[in-house]
Amino acid sequence: MVEKLQAWLEKSKSVLNIFTHRKTVKSARITYQVVWNLFLLVLTVVILGGSFATGVGAGYFASLVKDEPVRSYDSMKKDIYNYTETSELYFADNKYLGKLRTDLEREEVKLEDVSDYLVNAVVATEDEYFYKHKGVVPKAVFRAVFQEVTNSAVQSGGSTLTQQLIKNQILTNEVSFQRKASEILLALRLEKFFDKKEILEAYLNVSTLGRNSSGRNIAGVQAAAKGIFGKKASDLTLPQAAFIAGLPQSPFGYTPFTREGTIKEPKYLEPGLTRMQTVLKRMFDGGYITQKQYTEASAYDIKKDFIKPVANPLEKYPWLTVEIEKRSTEVLTTVLAKNDGISEKELKNDDNLAYKYQILARNALRQNGYKIHSTIDKKIYDAMQKVKDNYQYYGPDKPQEKKDPETGEVKTVMEPAEVGAELIENKTGKIISFVAGRNYDDQQLNHATNAIRQNGSTMKPLLVYAPAIELGKAAPGTPLPNVALALAPGRSDPWPQNYDYRYSGLVSARYALAKSYNVPAVKLYKSIVEQRPAKYLEKMGFTSLRKDDYTNLATSIGSMTNGVTIEENTNAFSTFANNGKFIDAYMIDKIVDKNGKVIYQHQVTPVKVFKPQTAYLTLDMMRDVVKMGTAAGVRSQLNFSSDWAGKTGTGNQYIDSWFVASNPNVTFGLWRGYDTPKSLQTSGMSYSARTNNLWAKLMNAAYKIRPDLIDPDKSFKMPKGIVKRSYCAVSGMLPSKACSKAGLIESDYFNVNNVPTKVDDSLIEANYVTVGDKKYLALDSTPKEFSQFGLVLNPDFIKRIVGSNFHNYSQLIPQKDRWGKILVSTARMYDNGKTPASVSVNAKGNTISWSASGDKDVVGYRIYQGGASAKKVGSVVNGSKRSFKVGTGSFYVTAVDIAGRESAPSNLVDAGVIIPTEPTNPVVPNDPNVPAQPNQQTNPTNPTNPPTP
C-alpha cells in the first residue's frame with residue numbers, strides 16, 4: 001500500500017514538473033495571451049456588430065415612421081376621443097325611444113361610472129403591465145417581432161392597451177412593420193400627453209364587443225353591459241365583468257347573441273364561456289380577486305344573466321324611427337351648413353352643396369352621440385296604432401297587377417286600402433302623433449308624411465272660400481249657383497258635376513261648403529283665379545304645386561298636377577285655427593350633443609296668410625260641415641264634445657277619401673285610399689263613413705290619453721271686425737221689399753269692411769198660377785181669383801250670376817217651400833186659343849167633387865149653384881183638392897184656363913136635402929156671372945209648355 005502511494009507521488013511530481021518547467025510555463029503564457037486577445041477581438045466584434053445592428057435597426061425604425069406626422073396634444077385628443085357614438089331618439093317629454101339605425105351601436109361612459117370589476121378584468125387580461133409601462137413593453141415587442149420574423153406558429157402578441165387604442169382610433173388594422181412602428185411611436189407619445197385613466201377610459205369606450213340582444217353590433221362597455229345583461233356598466237357583477245372583458249379578443253366569436261338577436265346554441269356559447277374563465281384566472285393571478293371570489297365566479301352560470309331579445313326601435317316603431325332620422329338629417333344639414341357660413345337659401349339652390357352637407361349630417365348622427373328629442377307623444381302614438389290595427393272597416397283588398405323588378409314577371413297581388421293621418425298642435429305646430437300605414441312589412445311608405453295624393457274637396461276652404469273672403473269677393477251668406485254650368489274652358493257640356501250628380505239651385509256659400517257642392521266652388525274660384533289664390537297655398541306649406549295648378553279650375557276641387565301630402569294638407573287647415581297665421585308643423589324639437597349642448601332648437605315662425613276675420617268666417621262655415629254637412633255623422637261617433645270645424649274630401653272617381661278638422665287646440669287630418677289609385681266605393685258602409693268613423697275612433701283614443709289637449713274647454717274666439725247682418729238670400733244684397741215679401745231674408749256674419757251696401761234687385765213682383773205641380777206666370781187675362789202673388793228672378797240678375805249662356809233658369813230655384821213663390825221669366829204658358837173641356841161632378845152629402853179637366857192649361861175651377869138664376873159660390877185653384885163643401889141645392893162646376901176661358905157646365909148634382917123646385921135652365925143668358933154655352937167642339941190638346949229661350 002505504501003509502495004503504491006509512493007509510486008503515485010512520484011508520478012504526480014513528474015506531471016507537476018511538466019507545468020513548472022521553464023519551457024512549459026513559457027508556452028502556457030503565450031497560449032493565454034493568444035486566447036485573451038482572441039476573446040477581446042470577439043468581444044469587440046460582437047460589440048461593434050451589436051452597435052451596428054442597433055444602428056441599422058434604429059435607422060430602419062426611423063425610415064418606417066419618417067412619414068408619420070408629429071402630432072400635437074390637441075390633435076391626438078381629438079382623434080382618441082373621436083369614437084363613434086350612436087345618437088339616441090326620444091319621444092316628447094324626454095321619454096326614451098331607442099338608438100338611431102346604425103351598423104355599430106355605442107354609448108359613451110366615464111371611467112368612474114364603470115365597475116371596478118370590469119376595469120380590473122380588462123387590465124388583467126389585455127395588459128398586465130398597464131400601470132407600469134410607458135406605452136410599450138419592449139420584451140413583448142421583441143417577442144412579437146421574433147415570432148413574426150420566424151413565422152412562429154405561436155403568436156402571443158405585443159400590444160398594450162395604449163397601442164390597441166392607437167390602432168383603433170388613429171391607425172388601421174393593417175399588418176405591417178410600418179404600421180407597427182407608427183403604433184409604437186404614437187403609443188409613446190400618447191402616454192406622454194395622457195394619464196392612465198384617460199387612456200383606459202377611451203379604450204373602454206372604443207372596444208368592439210360583439211352583438212347585443214337585438215342582434216346589433218356594439219362597441220364600448222356601456223353598450224355591452226346594457227345590450228348583454230340589461231344593466232349599466234357600473235352595476236356589473238364579477239362574472240358579468242369577466243365575460244365582457246373577454247370579448248375584445250374575438251368579439252363575434254364570443255358574443256352570446258346571433259345576428260337575429262337570439263341566444264346562440266350551447267356549443268357556440270362555449271368559447272365565450274371558456275374565455276370568461278381565462279379572464280377570471282388572470283384576475284386571480286394578478287391579485288385583483290380573492291380565492292373565494294374566483295371560485296364563486298368560476299362556478300357561476302352566466303347564461304342565466306343574458307337578457308332576452310329586446311325589440312329594435314326600427315322593429316317596434318319602424319315608421320317613426322325612419323321619420324325622425326330623415327327629419328334629423330334635414331335639420332342637421334342646415335345647422336352644419338350654417339356653421340360654415342352657408343345660408344339655407346344657398347343650400348337649397350346648390351345641389352352639390354346640399355349633397356355634401358347631407359352626407360356630413362348623416363355621419364354626424366351616427367358618430368356624435370346626439371340626443372334627438374321629437375314632439376311625438378308616446379302614449380297617443382301607441383294608442384293610435386292600436387286603433388289602426390284593430391279597425392275592421394277599411395274596405396276590401398283589391399287586385400292589382402305589378403311587375404316583379406327582378407324577373408319582369410307581371411303578377412296580380414291584392415292591395416289593401418291604406419291610411420295616413422296626422423295630429424298637429426295648432427299654436428306650436430308640434431306633430432303630436434301620426435298613422436303612417438297599415439303594415440310596415442308590406443309597405444314602407446309613410447302615408448302621413450310622404451304620400452302625395454289629390455286632396456279633393458278639402459281644397460275648397462283653402463283655395464276657394466278663404467281666399468274669396470279675404471279678397472272681398474264672398475261671405476258665408478253669398479248666394480252661389482248650384483246648377484248645370486259649363487265652366488270648363490272650351491267645353492259646352494256641364495262641368496263640374498257634383499258628387500251626387502244633383503243640383504239644388506241658388507245656395508249660400510256656407511251651405512255649398514257644408515254639402516260639398518262642386519259647381520258653386522268652381523264658379524266662385526273662376527271669379528278670383530286671375531288673382532292667383534294658389535299663392536295662399538304656398539304660404540300654407542304646399543310644396544308640390546306646379547305651374548298649371550295656379551290656373552287650372554280643377555285645382556279648386558282638389559285635382560292637382562301632383563297632389564299634396566297628408567301632413568301639408570292637415571297643416572294648412574291649422575292656419576284657420578291660428579287666426580290666419582300658418583305655423584309649420586315639425587317633429588324634431590331639439591338636438592343635444594353628448595356634452596349637453598343644444599345644437600338645434602326648433603323656433604316657431606308664424607307666417608301671415610289670412611286676416612283673423614277671414615280665418616274665423618271660414619272656420620264658422622266649416623262648423624256646419626260637422627253639424628249638418630258631409631261630416632255630420634262624426635259627432636255621434638265621438639266620446640266628447642268639442643268645437644270642431646272641418647271638411648271632407650273625395651278624389652276624382654272616388655280614389656281618395658279625406659276628413660280634416662280643427663278645434664281650438666289641435667288639427668287632425670286623415671286620408672284613405674289604395675296605393676295604386678282605384679275606387680274606394682264598395683258595398684255596405686259608404687267610403688266616406690269608413691273614413692269618418694276611423695277619424696273619430698282615432699280621436700277618441702287620443703282623447704282618452706290627453707283630454708286636456710284633445711277637448712279644450714274653449715271655443716274658437718270671434719275676432720273684432722266681424723258683424724252680423726241681414727241680407728236677401730237670393731242676391732246676398734241688402735233686403736228689398738220684394739225679398740221681404742218672399743220671406744227670403746237671412747242673416748250671417750260678415751267682415752265689417754265687406755258688408756253689403758246695395759239693395760237687392762234680384763226680384764220683380766208678379767202673379768203666378770199653378771198648373772199641376774208647376775207654376776207659371778199669369779197672363780193679363782188670367783182671372784185674379786186663380787193667380788197668386790209671386791216674384792220673378794230678374795233676368796239681369798240671372799245673367800250676372802250664371803252668365804248669358806245658361807238658359808235653364810228654373811234650375812236656379814231651390815226646391816224648398818220658402819222659395820215656392822219665386823219664378824223665373826221663362827216660366828210661361830201661352831194661350832192656346834181653345835176652350836177647356838168640361839168636367840163631371842159627384843155629390844156626397846154637402847160635399848161635391850169633380851174630375852180633372854182634360855186640358856193642361858186649366859188654372860182653376862168655379863162652383864155654381866143652379867136654380868132660376870145660377871150663381872158662383874166658390875173657386876178652387878188648380879193643384880188643390882178637387883172638392884168643395886156646399887149647402888143644400890143643385891150645383892155644377894166649370895174649368896177655367898190661363899187665358900180666362902171657361903168650360904161648359906158640368907152635370908148638375910144635388911147636395912144636402914133636396915127641395916122640389918121648378919125645373920130651370922141652369923144657363924141664364926146675359927148673366928155676366930154665367931159663362932156662355934161652350935162650343936160643340938172641344939180641344940183637349942195639351943197646351944204647350946214654356947219653350948226654352
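Residues numbered from 1 in each chain as written. Predicted model: local features only at pLDDT ≥ 70, side-chain atom pairs only at ≥ 80, totals over all residues. Heavy atoms only, no water.

## Some points on the packing of helix α4 (residues 116-126) against helix α12 (residues 266-285)
No. 1: Viewed as axis vectors pointing N to C, α4 and α12 meet at an angle of 90 degrees, and their least axial separation amounts to 8 Å. In terms of orientation, α4 and α12 fall into the roughly perpendicular class. In contact with Tyr 117, Asn 120, Ala 121, Ala 124, Thr 125 and Glu 126 of α4, α12 contributes Arg 275, Val 279, Arg 282 and Met 283.
No. 2: Of the residues contributing to the contact of α4 with α12, the split by class is five nonpolar, two polar and three charged. (Axes fitted to C-alpha atoms, helices over the stretch in contact; angles between N-to-C directions. Helix = DSSP H or I, 4+ residues; strand = E, 2+ residues; numbered from the N terminus. Parallel < 35°, antiparallel > 145°, perpendicular 65-115°, else oblique. Contact = heavy atoms within 4.5 Å. Nonpolar A, V, L, I, M, F, W, Y, C, P; charged D, E, K, R; others polar.)

## So, the pairing of strand β26 (residues 788-793)
Every other side chain in a regular strand lies on the same face of the sheet, so the side chains alternate between the two faces.
No. 1: With six bridges connecting them, strand β24 (residues 763-771) and β26 associate as antiparallel partners. Note on β26: the bridge partner recorded for Asn 767 is Phe 789.
No. 2: Relative to strand β27 (residues 822-823), β26 runs parallel, the two sharing two bridges. Residue pairing across strands places Val 792 opposite Leu 823, the latter belonging to β27.
No. 3: Regarding the hand of the β-α-β motif, the stretch spanning β26, helix α29 (residues 795-802) and β27 is right-handed. (Pairing = 2+ DSSP bridges. Right-handed = clockwise from strand over helix to strand, strands pointing away.)

## Things to note about the sheet that holds strand β17 (residues 598-601)
No. 1: The five strands are arranged β2-β1-β6-β16-β17 in an open sheet whose pairing can be described as mixed. Only two strands of the sheet have a single neighbouring strand rather than two, namely β2 (96-99) and β17. Mean inter-strand twist for the sheet, computed between neighbouring axes without regard to direction, equals 15 degrees.
No. 2: Two elements, strand β1 (residues 88-90) and strand β6 (residues 371-374), share three bridges in a ladder whose sense is parallel. Its bridge partner being in β6, Glu 88 is matched across the sheet by Lys 371.

## Re helix α19 (residues 459-470)
No. 1: Compared with an ideal rise of 1.5 Å per residue, which puts 12 residues at 16 Å, α19 spans 16 Å between its outermost C-alpha atoms and is within 8% of the ideal.
No. 2: Here α19 lies mainly inside the structure; 12 of its 12 residues are buried.
No. 3: Residues of α19 that are buried include every one of Met 459, Lys 460, Pro 461, Leu 462, Leu 463, Val 464, Tyr 465, Ala 466, Pro 467, Ala 468, Ile 469 and Glu 470, and no others. (Expected span 1.5 Å × (residues − 1). Buried < 20%, exposed > 50% of the residue type's maximum accessible area, 1.4 Å probe, protein only.)

## Describing unusual backbone geometry
Outside of glycine, negative phi angles account for most residues, and trans bonds account for most peptide bonds.
No. 1: In this structure, the amide linkage connecting Trp 495 to the following residue, Pro 496, adopts the cis form with an omega of 5 degrees.
No. 2: In the Ramachandran plot, Asn 94 falls in the positive-phi region, its phi being about 65 degrees despite a non-glycine side chain.
No. 3: The exposure class of Asn 94 is exposed, given its relative accessible area of 53%.

## Considering the environment of Leu 185
No. 1: Tracing the backbone through its elements, the reader meets Leu 185 in helix α7 (residues 177-193).
No. 2: The spatial distance from the C-alpha of Leu 185 to the C-alpha of Val 136 is 9.1 Å, given a sequence separation of 49 residues.

## Topic: the confidence of the model for the protein chain
No. 1: Taken residue by residue, the protein chain gives an average pLDDT of 86. The fraction at 70 or more is 84%.
No. 2: Within the model, pLDDT remains below 50 along residues 152-157, and this stretch shows 10 contacts once partners closer than five positions in the same chain are excluded. (pLDDT = per-residue confidence, 0-100.)

## Section: a positive patch on the surface
No. 1: Judged by side-chain charge, Arg 532, Lys 535, Lys 539, Lys 581 and Lys 608 come together as a positively charged surface patch.
No. 2: By relative accessible area, which is 43% here, Arg 532 ends up partly exposed. (Patch = residues over 30% accessible without salt bridge, like charges linked within 9 Å, V, L, I, M, F, W, Y side chains within 5 Å. Areas by Shrake-Rupley, 256 points an atom, 1.4 Å probe, with all protein chains shown as cover. Salt bridge = Lys/Arg side-chain N within 4 Å of Asp/Glu carboxyl O. Lys, Arg positive; Asp, Glu negative; His and termini not counted. Charge placed at Lys NZ, Arg CZ, Asp CG, Glu CD.)

## Focus: the packing of aromatic side chains
No. 1: Applying the stated criterion across every chain, the model contains 26 aromatic pairs.
No. 2: Ring geometry for Phe 91 against Tyr 317: centres 5.3 Å apart, planes inclined by 75 degrees, an arrangement best described as edge-to-face. Taken together, the residues span a long stretch of sequence, with Phe 91 in the loop between β1 and β2 and Tyr 317 in the loop between α14 (313-316) and α15 (318-339) at a distance of 226 residues. There is no split in this pair, since Phe 91 and Tyr 317 are both buried.
No. 3: Here a set of aromatic residues connected by ring pairs shows up, and it is made of Phe 640, Trp 644, Phe 659, Phe 668, Trp 695 and Tyr 703. (Phe/Tyr/Trp six-rings, centres within 6.5 Å; stacked < 30°, edge-to-face > 60°.)

## Here we look at the side chain of Lys 398
No. 1: Looking at where Lys 398 falls in the secondary structure, it is placed in strand β7 (residues 398-403).
No. 2: Despite being buried, Lys 398 has no salt bridge partner; Glu 415 is the closest side chain of opposite charge, sitting 9.8 Å away.
No. 3: Within the structure, Lys 398 has its side chain in polar contact with the backbone oxygen of Ser 679 (distance 2.6 Å).
No. 4: In this structure, Lys 398 is in contact with Val 413, Met 414, Glu 415, Tyr 674, Lys 678, Ser 679, Gln 681 and Thr 682, ignoring residues within four places of it in sequence. (Polar contact = N/O pair within 3.5 Å; in protein donor to acceptor, adjacent residues only side chain to side chain.)

## Some details on the pattern of salt bridges
No. 1: One pass over the structure, following the stated rule, counts 33 salt bridges.
No. 2: Taking the shortest distance from any N to any O, the salt bridge between Arg 491 and Asp 493 comes out at 2.7 Å.
No. 3: With a shortest N-O distance of 3.4 Å, Asp 624 and Arg 510 are connected by a salt bridge. Placement of the pair is Asp 624 in helix α24 (residues 612-627) and Arg 510 in helix α20 (residues 509-514), with a sequence separation of 114 residues. Grouping residues by exposure puts Asp 624 and Arg 510 together as buried.
No. 4: Several salt bridges share partner residues, and in doing so they unite Arg 510, Asp 620, Arg 623, Asp 624, Asp 643 and Asp 748 into one network.

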